[in-house]
Amino acid sequence: SAVISQKPSRDICQRGTSLTIQCQVDSQVTMMFWYRQQPGQSLTLIATANQGSEATYESGFVIDKFPISRPNLTFSTLTVSNMSPEDSSIYLCSVVGSGRTTNEKLFFGSGTQLSVL
Amino acid sequence: KQEVTQIPAALSVPEGENLVLNCSFTDSAIYNLQWFRQDPGKGLTSLLLIQSSQREQTSGRLNASLDKSSGRSTLYIAASQPGDSATYLCAVNDNAGNMLTFGGGTRLMVKP
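Residues numbered from 1 in each chain as written. Chains lettered and ligands numbered in written order. Predicted model: local features only at pLDDT ≥ 70, side-chain atom pairs only at ≥ 80, totals over all residues. Heavy atoms only, no water.

A. Focus on the state of the cysteines. Overall, the coordinates contain 2 disulfides over all chains when judged by the stated rule. Paired through a disulfide, cysteine 23 of chain B and cysteine 90 of chain B show a sulfur-sulfur distance of 1.9 Å. On the sign convention where negative means left-handed, the S-S torsion of about 70° between cysteine 23 of chain B and cysteine 90 of chain B marks this disulfide as right-handed. On the criterion of sequence distance, the pair formed by cysteine 23 of chain B in strand β3 (residues 19-25) and cysteine 90 of chain B in strand β9 (residues 86-93) is long-range, its members being 67 residues apart. By relative accessible area, which is 2% here, cysteine 23 of chain B ends up buried. On the basis of relative accessibility, which here comes to 0%, the residue cysteine 90 of chain B falls in the buried class. With no disulfide of its own, cysteine 13 of chain A has cysteine 93 of chain A as its nearest cysteine by sulfur position, at a separation of 17 Å. Judged by its relative accessible area of 8%, cysteine 13 of chain A is buried. (Disulfide = S-S within 2.5 Å. Helix = DSSP H or I, 4+ residues; strand = E, 2+ residues; numbered from the N terminus. Buried < 20%, exposed > 50% of the residue type's maximum accessible area, 1.4 Å probe, protein only.)

B. Just the packing of aromatic side chains, in detail. Tallied over the entire structure, the rule returns 7 aromatic pairs over all chains. Ring plane angle 85° and centroid distance 5.5 Å describe the contact between tyrosine 35 of chain A and phenylalanine 102 of chain B, whose orientation is recorded as edge-to-face. Note that tyrosine 35 of chain A is positioned in strand β4 (residues 31-37) and phenylalanine 102 of chain B in strand β10 (residues 100-102), a pairing that runs across two chains. By the burial criterion, tyrosine 35 of chain A is buried, and phenylalanine 102 of chain B matches it. Considering the side-chain rings of phenylalanine 108 of chain A and phenylalanine 36 of chain B, the 5.3 Å spacing of their centres and the 90° angle between planes classify their relative orientation as edge-to-face. With one member in each of two chains, phenylalanine 108 of chain A in strand β10 (residues 106-108) and phenylalanine 36 of chain B in strand β4 (residues 32-38) form a pair that bridges those chains. Each member of the pair, phenylalanine 108 of chain A together with phenylalanine 36 of chain B, is buried. Put simply, the rings of Tyr35 and Phe108 of chain A together with Phe36 and Phe102 of chain B pair up and form one aromatic cluster. (Phe/Tyr/Trp six-rings, centres within 6.5 Å; stacked < 30°, edge-to-face > 60°.)

C. Structural view of the interface of chain B and chain A. In this assembly, 20 residues from chain B lie in contact with 21 residues from chain A. Taken over both partners, the interface formed by chain B and chain A buries close to 1,600 Å², and the fraction arising from carbon and sulfur atoms is 55%. For the pair chain B and chain A, the number of links is 0 salt bridges. One can count 5 residue pairs in polar contact (both at pLDDT 80 or more) joining chain B with chain A. Where the side of chain B that touches chain A is concerned, the elements lending two or more residues are β4, β5 (44-51) and β10 of chain B. Residues of the side of chain B that touches chain A, tallied by class, amount to 8 nonpolar, 11 polar and 1 charged. (Contact = heavy atoms within 4.5 Å. Buried area = accessible area lost by both parts, 1.4 Å probe. Salt bridge = Lys/Arg side-chain N within 4 Å of Asp/Glu carboxyl O. Polar contact = N/O pair within 3.5 Å; in protein donor to acceptor, adjacent residues only side chain to side chain. Nonpolar A, V, L, I, M, F, W, Y, C, P; charged D, E, K, R; others polar.)

D. Local environment of the pattern of salt bridges. In the structure shown here, the tally under the stated rule is 3 salt bridges over all chains. One salt bridge connects lysine 65 of chain A with aspartate 87 of chain A, and the closest N-O pair in it is separated by 2.6 Å. On the criterion of sequence distance, the pair formed by lysine 65 of chain A in the loop between β6 (56-57) and β7 (68-72) and aspartate 87 of chain A in the loop between β8 (75-80) and β9 (89-96) is long-range, its members being 22 residues apart. Taken as a pair, lysine 65 of chain A and aspartate 87 of chain A share a single burial class, namely buried. Taking the shortest distance from any N to any O, the salt bridge between arginine 37 of chain B and aspartate 39 of chain B comes out at 3.0 Å. Its relative accessible area of 28% is what places aspartate 39 of chain B among the partly exposed residues.

Shown next, in the form of structure tokens:
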């Protein structure tokens, strides 16, 4: 299984500022995913982050608002830009596990709980 | 577009009961289905993964079944314990890209 470290675990931010969330994996993975979970809601995929190319964004999410970096196969960042209270959510990174018994199983970081005042 | 529904949205049971959580999906052309557990304010823990060719998977007191043709999966929890209290999410993978569509979750409370 993959071990994922996500930082920060929580933050309280002011409207109009930006926050960068980091996701570190203990092994090299091809694909990393960023999800958002709004209060009381299920998870929604923001984008897929691939090393060496631009992230692929889902409908309703744009690069200017959620820029993503993927400098290598073990690390990615998601920035929430120009924040508003509507951005208050849990943000989670996810990777596909590797190895014969866990192939295709997705593993998640512990999440970043963001509150925007 | 794939839609995933979980029923019930919330469930409260006394300790020791066997229980069933339901998940339905609209497009049966799935690659696999995964059940997760989420504790309040935390990330997700993968419980069981069922490939489209499989009918069920078991792990300890958990058993997940898949009926792809009818678009349904169930998660069976035997002899429930207070530590099982959490939100349980099912997620469907429509393609080999591993992008998941999540259900709304079932919030489970097991009372001592």
